[in-house]
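Coordinate inspection notes
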Amino acid sequence: MRRTTTVLLTGLLALAGVAGCSDGKSYEEITADCAAALKDQAAGDNSKPEACEGVKDDDYKVLRLSQGLKDAGAVDESGNPDLDGLLDDATATP
């Protein structure tokens, strides 16, 4: 009985180890890859990059909007507003 319990417990631990060491990416890694793909995407290309396939629709919209604001110069790479750039545009004479 003791041997059977030991073998069973060893098998369960091995299965748990296999499940814990999967090669799948976390959702955070997938969204980071998507953000990088959007950054590298050519201007005017509105297609959804392959790296963004696992990203939820709402999160994808936020990533696309965020990259659009960065491309327009409204925010810096950290996501902080570029107030100097925005004010320069607002006070420039046409």
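Residues numbered from 1 in each chain as written. Predicted model: local features only at pLDDT ≥ 70, side-chain atom pairs only at ≥ 80, totals over all residues. Heavy atoms only, no water.

Looking now at the overall build of the protein. What the protein contains, in helices and strands, is four helices and zero strands. When the helices and strands of the protein are placed in sequence order, the string is α-α-α-α. Split into buried and exposed, the 94 residues of the protein put 12% on the buried side. Sequence separation of at least 24 residues holds for 32% of the intrachain contacts in the protein that already meet a minimum separation of 6. Accessible area of the protein: about 7500 Å², with a carbon and sulfur share of 58%. (Helix = DSSP H or I, 4+ residues; strand = E, 2+ residues; numbered from the N terminus. Buried < 20%, exposed > 50% of the residue type's maximum accessible area, 1.4 Å probe, protein only. Contact = heavy atoms within 4.5 Å. Areas by Shrake-Rupley, 256 points an atom, 1.4 Å probe, with all protein chains shown as cover.)

Another aspect to go through is a nonpolar patch on the surface. Taken together, Leu-83, Leu-86 and Leu-87 make up a surface patch of nonpolar side chains, about 290 Å² in accessible area. Among the structural elements, Leu-86 can be located in helix H4 (residues 83-91). According to the relative accessible area criterion, Leu-86 is partly exposed, its value standing at 37%. (Patch = residues over 30% accessible without salt bridge, like charges linked within 9 Å, V, L, I, M, F, W, Y side chains within 5 Å. Salt bridge = Lys/Arg side-chain N within 4 Å of Asp/Glu carboxyl O.)

Attention now goes to the packing of aromatic side chains. Under the criterion given, the structure shown has zero aromatic pairs. The side chain of Lys-48 reaches across the aromatic face of Tyr-60, ending 4.9 Å from its centre. Seen from the ring of Tyr-27, Lys-56 lies directly overhead, with NZ or CZ sitting 5.2 Å from the centre. (Phe/Tyr/Trp six-rings, centres within 6.5 Å; stacked < 30°, edge-to-face > 60°. Lys NZ or Arg CZ within 6 Å of the ring centre and 35° of its normal.)

Moving on to the layout of surface pockets. Computed from the structure, the largest pocket encloses a volume of approximately 170 Å³. If you go around the largest pocket, the residues you meet are Leu-38, Lys-39, Gln-41, Ala-42, Ala-43, Gly-44, Asp-45, Asn-46, Arg-64, Gln-67, Gly-68 and Asp-71. Counting residues per element, the ones that place at least two in the lining of the largest pocket are helix H2 (27-40) and helix H3 (57-72). The residue inventory of the lining of the largest pocket, partitioned by class, reads three nonpolar, five polar and four charged. (1 Å grid on protein atoms, 1.4 Å probe; cavity = no way out; pocket = protein on both sides within 12 Å on 5 of 7 lines; lining within 4 Å. Points joined across faces, edges and corners; volume = space filled by probe spheres on them. Nonpolar A, V, L, I, M, F, W, Y, C, P; charged D, E, K, R; others polar.)

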